[in-house]
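Spelled out from the first residue to the last, the chains are:
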Amino acid sequence: MSEILLTGYEPFGEFERNPASQLATRLDGTTVGDATIVGRELPVVFDRVRPALEAAIDDHDPDIVCGLGLAAGRNTLSLERVGINLRDTAGIPDNEERTAVDEPAIDDGPDAYFATLPLRTMKEAMLEAGVPTTLSTDAGTHACNNLLYAARHLVETSDREFGAGFVHVPLSHEQAAERDDGEPSLALEAMADGLVAGLERAVAER
């Protein structure tokens, strides 16, 4: 049985919990088509993300790598279409207090990489599962964009072969309730259902 590496970022900044990590943990071991999800938490630390990702890929040799990250303020699951070669923390340092301004994600890398998962059909499957989902061309310039770019760069510069993508997730209902600011949110159960539906479609089309 093949494997899907599903990564979720740890809590960071003002967020004491991160639904991305919660979802990766929740879905670890889930069977999707003829594949099994391997859920792993990654650090929100620029200089540790790529080594941690590569180590997980070496351990599991996945057919699909899909990262998850929190995008507070969004109201849907967001399938990211492109990662750019740029790090800019925009005033939000990583978890080792590292800031970045106009730095490349990878020296001498191309300007951008497109995700290689079947995003449009994944979106269709996720909507059919009753979970609000959109396509996005804004993965930001923080750790989330960094992971998508690093995963695609790894495929392009090594003998590893896997489909790569990234999904931004909104606040969970519990988080939004704690913050009491009327922010958009989705239930963790709904987000998990949407991810399973999308990944099942991706597996079927590999």
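Tallying secondary structure elements over the chain gives six helices and eleven strands in all. Relative to a compact globule of 206 residues, whose C-alpha radius of gyration would be 17 Å, the chain shows 16 Å and is just as compact. Here the chain, with 206 residues, has 51% of them falling under the buried criterion. Counted over contacts in the chain with a minimum sequence separation of 6, partners at least 24 positions apart contribute 78%. Here the chain displays about 9,100 Å² of accessible surface, and carbon together with sulfur accounts for 44% of that area. In the chain, which carries 16 positive and 38 negative side-chain charges, the distance between the mean positions of the two groups comes to 3 Å.

The next point concerns the side chain of Arg-152. Looking at the element boundaries, Arg-152 is found in helix 4 (residues 143-157). For Arg-152, the residues in contact, after removing those within four places along its chain, are Tyr-113, Phe-114, Ala-115, Thr-116 and Ala-164.

It is possible for side chains of opposite charge to pair when their charged atoms get near one another. Counted by the stated rule, this structure contains 13 salt bridges. As a salt-bridge pair, Arg-201 and Glu-128 come within 3.5 Å of each other at their nearest N and O atoms. Taken together, the residues span a long stretch of sequence, with Arg-201 in helix 6 (residues 188-204) and Glu-128 in helix 3 (residues 119-128) at a distance of 73 residues. Salt bridges linked by common partners bring Asp-47, Arg-87, Arg-98 and Glu-103 together as one network.

On to the state of the cysteines. Taken as a whole, this structure holds zero disulfides when the rule is applied. Cysteine Cys-144 remains unbridged, with the sulfur of Cys-66 as its closest cysteine sulfur at 11 Å. Judged by relative accessible area, which is 10%, Cys-144 ranks as buried.

With that out of the way, let us pick up the environment of Gly-130. Within the fold, Gly-130 resides in the loop between helix 3 and strand 8 (133-136). Sequence separation of Gly-130 and Thr-116 is 14 residues, and the distance between their C-alpha atoms is 24 Å.

In this section: the sheet that holds strand 8. A sheet is described by the order of its strands in space; here seven strands give the open sequence 2-3-1-4-9-5-8, paired in mixed fashion. This sheet does not close on itself; its edge strands, each paired only once, are strand 2 (31-32) and strand 8. Here four bridges tie strand 5 (residues 77-80) to strand 8, and the two strands are oriented parallel to one another. When the bridges of strand 8 are listed, Leu-79 appears paired with Leu-135. In the packing of helix 3 onto the sheet, contacts are made with strand 5 and strand 8, and the angle to strand 8 comes to roughly 160°.

A separate point is the environment of Gln-175. Structurally, Gln-175 can be placed in helix 5 (residues 173-179). Taking C-alpha positions, Gln-175 is 18 Å from Pro-132, a pair spaced 43 residues apart along the chain. The residues touching Gln-175, leaving out its near neighbours within four places in the chain, are Phe-15, Arg-17, Asn-18, Pro-19 and Leu-70.

Before going further, it helps to examine the pairing of strand 3 (residues 35-42). Most of strand 3 is tucked away: six of the eight residues are buried. Relative to strand 3, strand 1 (residues 2-9) is paired through eight bridges, and the arrangement is parallel. In the sheet register, Thr-7 faces strand 3, and the bridge partner there is Arg-40. The sheet contact formed by strand 2 and strand 3 spans two bridges and is antiparallel. For Val-32, the partnering residue across the bridge sits in strand 3 and is Ala-35. A loop of two residues connects strand 2 with strand 3, the two strands running antiparallel in sequence, and Gly-33 in this loop sits at a positive phi of about 60°.

Now for helix 4. If you check helix 4, its first and last C-alpha atoms are 20 Å apart, about what 15 residues at 1.5 Å a residue would give, namely 21 Å. Burial of helix 4 is extensive: 13 of the 15 residues sit out of reach of the surface.

Moving on, we come to unusual backbone geometry. When glycine is set aside, most residues are seen to have a negative phi, and most peptide bonds are trans. Positioned with a positive phi, Asp-61 is a non-glycine residue whose angle comes to about 45°. Here Asp-61 is to be found in the loop between helix 2 (46-60) and strand 4 (64-70). Positive phi outside glycine occurs at Ala-90, with the angle close to 50°. The topology assignment puts Ala-90 in the loop between strand 6 (82-84) and strand 7 (112-114).

Calculation rules
Residues numbered from 1 in each chain as written. Predicted model: local features only at pLDDT ≥ 70, side-chain atom pairs only at ≥ 80, totals over all residues. Heavy atoms only, no water. Helix = DSSP H or I, 4+ residues; strand = E, 2+ residues; numbered from the N terminus. Rg over C-alpha atoms; globule rule 2.2 N^0.38 Å. Buried < 20%, exposed > 50% of the residue type's maximum accessible area, 1.4 Å probe, protein only. Contact = heavy atoms within 4.5 Å. Areas by Shrake-Rupley, 256 points an atom, 1.4 Å probe, with all protein chains shown as cover. Lys, Arg positive; Asp, Glu negative; His and termini not counted. Charge placed at Lys NZ, Arg CZ, Asp CG, Glu CD. Salt bridge = Lys/Arg side-chain N within 4 Å of Asp/Glu carboxyl O. Disulfide = S-S within 2.5 Å. Pairing = 2+ DSSP bridges. Axes fitted to C-alpha atoms, helices over the stretch in contact; angles between N-to-C directions. Expected span 1.5 Å × (residues − 1).

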